[in-house]
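Below, each chain spelled out in residue letters.
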Amino acid sequence: MTIRIFHASSPEVAVLLAAAIDAGCFTEPDRRILLLSRTGPAPEAVADVSETAGFERLRARFDEVLSWNDAIAPFHPDGWNPRVDDAPLWERHFRRAWGLREEELELVVDSPHAGPARALTQVFAGIPVDVYAEGPGGYGPTGGKIPALTGARVRRLLHPDLVPGVRPLLLGEYGVEPQTVPAEAITKVIAELADVELELPAVESPALLLGQELAGAGLIPAAEEARLRREMVRGAAALGHTRLVFAPDPYAAWESPAALLAEADRLGVELTVLEGPSPVAADVLLHRLRPALVVGCTSTALFGAARFHGLPVATVGTGLLLERLAPYENAERIPATLADALLPEVTDADGVAGQRPRGDVESDGLPAAVAFAMRPKVRPDLRPAAERYLAAHLDSHTWRYFKRRRLASLALPGVVPARLAFLRSNPALRRLARRARALRSGGG
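Residues numbered from 1 in each chain as written. Predicted model: local features only at pLDDT ≥ 70, side-chain atom pairs only at ≥ 80, totals over all residues. Heavy atoms only, no water.

A. Examining the environment of Gly-143 more closely. Locating Gly-143 in the fold gives a position in the loop between β5 (129-132) and α6 (148-151). Its relative accessible area of 24% is what places Gly-143 among the partly exposed residues. In contact with Gly-143, not counting residues within four places along its chain, are His-113 and Arg-375. (Helix = DSSP H or I, 4+ residues; strand = E, 2+ residues; numbered from the N terminus. Buried < 20%, exposed > 50% of the residue type's maximum accessible area, 1.4 Å probe, protein only. Contact = heavy atoms within 4.5 Å.)

B. Focus on the environment of Glu-275. Along the chain, Glu-275 turns up in the loop between β10 (270-273) and α10 (282-289). For the pair Glu-275 and Leu-200, spaced 75 residues apart in the sequence, the C-alpha separation amounts to 8.6 Å.

C. Molecular detail of the side chain of Glu-263. Relative to the helices and strands, Glu-263 is located in helix α9 (residues 258-267). Ignoring sequence-local partners within four residues, the contact set of Glu-263 consists of Arg-230, Val-233 and Arg-234.

D. Region of the structure containing the packing of helix α13 (residues 333-342) against helix α15 (residues 365-374). Between α13 and α15, the shortest axis-to-axis distance is 10 Å and the interhelical angle comes to 150°. Considered as vectors, α13 and α15 are oriented roughly antiparallel to each other. In the crossing of α13 with α15, the sense of the turn from one axis to the other is right-handed. Each of Arg-333, Ile-334, Thr-337, Leu-338 and Ala-341 in α13 lies in contact with α15, whose residues at this interface are Leu-366, Pro-367, Val-370, Ala-371 and Met-374. Each residue belonging to the contact of α13 with α15 can be placed in one class, and the counts come to eight nonpolar, one polar and one charged. (Axes fitted to C-alpha atoms, helices over the stretch in contact; angles between N-to-C directions. Parallel < 35°, antiparallel > 145°, perpendicular 65-115°, else oblique. Left-handed = near helix turned anticlockwise from the far one by under 90°. Nonpolar A, V, L, I, M, F, W, Y, C, P; charged D, E, K, R; others polar.)

E. The side chain of Asp-340, seen in detail. Here Asp-340 shows up in helix α13. Within polar-contact distance, the side chain of Asp-340 engages the side chain of Thr-318 at 2.8 Å. (Polar contact = N/O pair within 3.5 Å; in protein donor to acceptor, adjacent residues only side chain to side chain.)

F. Representation of unusual backbone geometry within the structure. Omega for the peptide link from Ala-73 to Pro-74 comes to 10°, which places this bond in the cis form. With respect to the element layout, Pro-74 can be found in the loop between α3 (68-72) and α4 (87-97). Put simply, Ala-326 and Pro-327 share a cis peptide bond, and its omega is -5°. As for its placement among the helices and strands, Pro-327 is situated in the loop between α12 (318-324) and α13. The phi angle at Arg-101 is positive, at roughly 50°, despite the residue not being glycine. Inspection of the secondary structure assignment puts Arg-101 in the loop between α4 and β4 (104-109). Here Leu-171, not a glycine, exhibits a phi torsion of approximately 60°, which is positive. Mapped onto the elements of the fold, Leu-171 is located in the loop between β6 (154-160) and β7 (177-181). You can call Leu-171 buried: its relative accessible area is 0%.

G. Expanded view of the nonpolar core. Leu-209 and Phe-402 are the most contacted members of the largest nonpolar core, which totals 110 residues. For this core, the leading source of residues is helix α1 (residues 11-22), giving nine residues. Those residues in contact with Leu-209 that lie beyond four places of it in its chain are Met-232, Val-233, Ala-236, Leu-244, Val-245, Phe-246, Ala-247, Leu-271 and Val-295. One finds Ile-5, Ile-33, Leu-100 and Val-129 within the second-largest nonpolar core, a separate group that totals 30 residues. (Core = buried A, V, L, I, M, F, W, Y, C linked by side-chain atoms within 4.5 Å.)

H. Representation of the packing of aromatic side chains. Summed over the entire model, instances satisfying the criterion amount to twelve aromatic pairs. Where Phe-94 meets Phe-124, the ring centres are 6.4 Å apart and the plane angle is 35°; that geometry is what we call tilted. Of this pair, Phe-94 sits in helix α4 while Phe-124 sits in the loop between α5 (115-123) and β5, placing them 30 residues apart in sequence. The pair Phe-94 / Phe-124 is uniform in exposure class, with both members buried. By the ring-pair criterion, three or more aromatic residues cluster together here, those being Trp-68, Phe-75, Trp-80, Trp-90, Phe-94, Trp-98 and Phe-124. One residue, Arg-156, lies across the ring of Phe-26, its end atom 4.9 Å from the ring centre. Over the face of the ring belonging to Trp-399 we find Arg-404, whose NZ or CZ atom lies 4.4 Å from the ring centre. (Phe/Tyr/Trp six-rings, centres within 6.5 Å; stacked < 30°, edge-to-face > 60°. Lys NZ or Arg CZ within 6 Å of the ring centre and 35° of its normal.)

I. Quick look at the pattern of salt bridges. This structure, assessed with the given rule, holds 23 salt bridges. Of the charged contacts in the structure, one is a salt bridge between Arg-32 and Glu-28, with a shortest N-O distance of 3.1 Å. For Glu-28, a relative accessible area of 63% gives the class exposed. A salt bridge links Arg-383 to Glu-387; the nearest nitrogen and oxygen atoms lie 3.1 Å apart. (Salt bridge = Lys/Arg side-chain N within 4 Å of Asp/Glu carboxyl O.)

J. Inspection of α15 at higher detail. Of all ten residues in α15, ten are buried; the element is thus mostly enclosed. Buried residues of α15: Gly-365, Leu-366, Pro-367, Ala-368, Ala-369, Val-370, Ala-371, Phe-372, Ala-373 and Met-374, and no others. Against the buried residues of α15 lie α13, α16 (383-393) and α17 (404-409).

K. Quick peek at the sheet that holds strand β9 (residues 243-247). In space, the five strands of this open sheet follow the order β10-β9-β8-β11-β12, with parallel pairing throughout. The strands lining the two open edges of the sheet, one partner per strand, are β10 and β12 (313-315). Adjacent strand axes in the sheet meet at a mean angle of 20°, parallel and antiparallel pairs treated alike. Looking at chain direction, β9 and β10 are connected through four bridges and run parallel. Within the sheet, the bridge partner assigned to Phe-246 lies in β10 and is Val-273. Seen against the sheet, α10 touches β8 (207-210), β9 and β11 (293-296) and runs at an angle of roughly 175° to β8. (Pairing = 2+ DSSP bridges.)

Shown next as structure tokens:
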């Protein structure tokens, strides 16, 4: 008997996994387990994925649904990892608690460098692993080094084709091959969920404003996030939209919409804030509301609206986010970069009307360049691609994707004069420069 454990921490992941099952991306196991987790700063304060409207339609594809949070309580699901010596004990515990006995297991998880995925791959050592990337973060590098024995077990990377023509870089250091989950399978699952009874406002062709937990994730201050939401309202109104719907992130702490409603009232537009007993997946909102415009920052739904629903989209705050993200290797940098480069800004009326990218950049070279700058030790093989991109495309617009000190520390084009470019290819000189900087910063 083979038992496959699918881990999911959001409705969007559950949709992707269901679509992958429907599309035949997995062989048929003897038993499927959906293992749900609630993450974030206060997981006990957010809704469980199982509470999402239409979840029963997804649940039918699995033999059992379990809770990771309950299984490891009182530990926090984002930060808990078993000690190396304790991993076999935890495996025996979970096998007994979940009725796994001594059967063959397979894992389907997100990137195993952090969170529940890391703990699961450590507990269930030696078993095959499939990894998925539900959002645009999969186009970036692995968030940190993972144990070699874990990386060697990963068979493939499942992902939606959010940015056509761009190859995901996640886990590329282990030679993991990406596999696209067919778009038609994803849209079919979304239509299935959207067919359930939902309490949605009767607003015809609204501009849909997507909330995103930026401050709660520590990316920007709360005051700046509130300002970005007001910019969404102003931007949509300036484009001529008089009916707006704001969809708060259902897995973020609730905030009063009074400031948004006041801004809408000042501008003379109608704003409806979605509230309901059950969270609604963003893709279901897109399917049911068929908005005339979708406005957001870097959320997966913004990319999905354009790619899978054929809807016009616009961004807000990507430039601010790129400037504020710290450290440079923050995992949100690739989504912010792609959103900024490939989607029009809400203040660009012509760009929104024509759905034209904001900048003239080569999207396939840009992710590789940013990825190398983010994680040079994880993906040293991307240095040539980064040098090519920077030498050809670094200008007043594309500088926003990089930091001068980061390029200098890596001896990349943009800070090293062309006549000294040969020095960049000399490993000994690069090591000497790094040592000199370390001595200088240490006062030596």
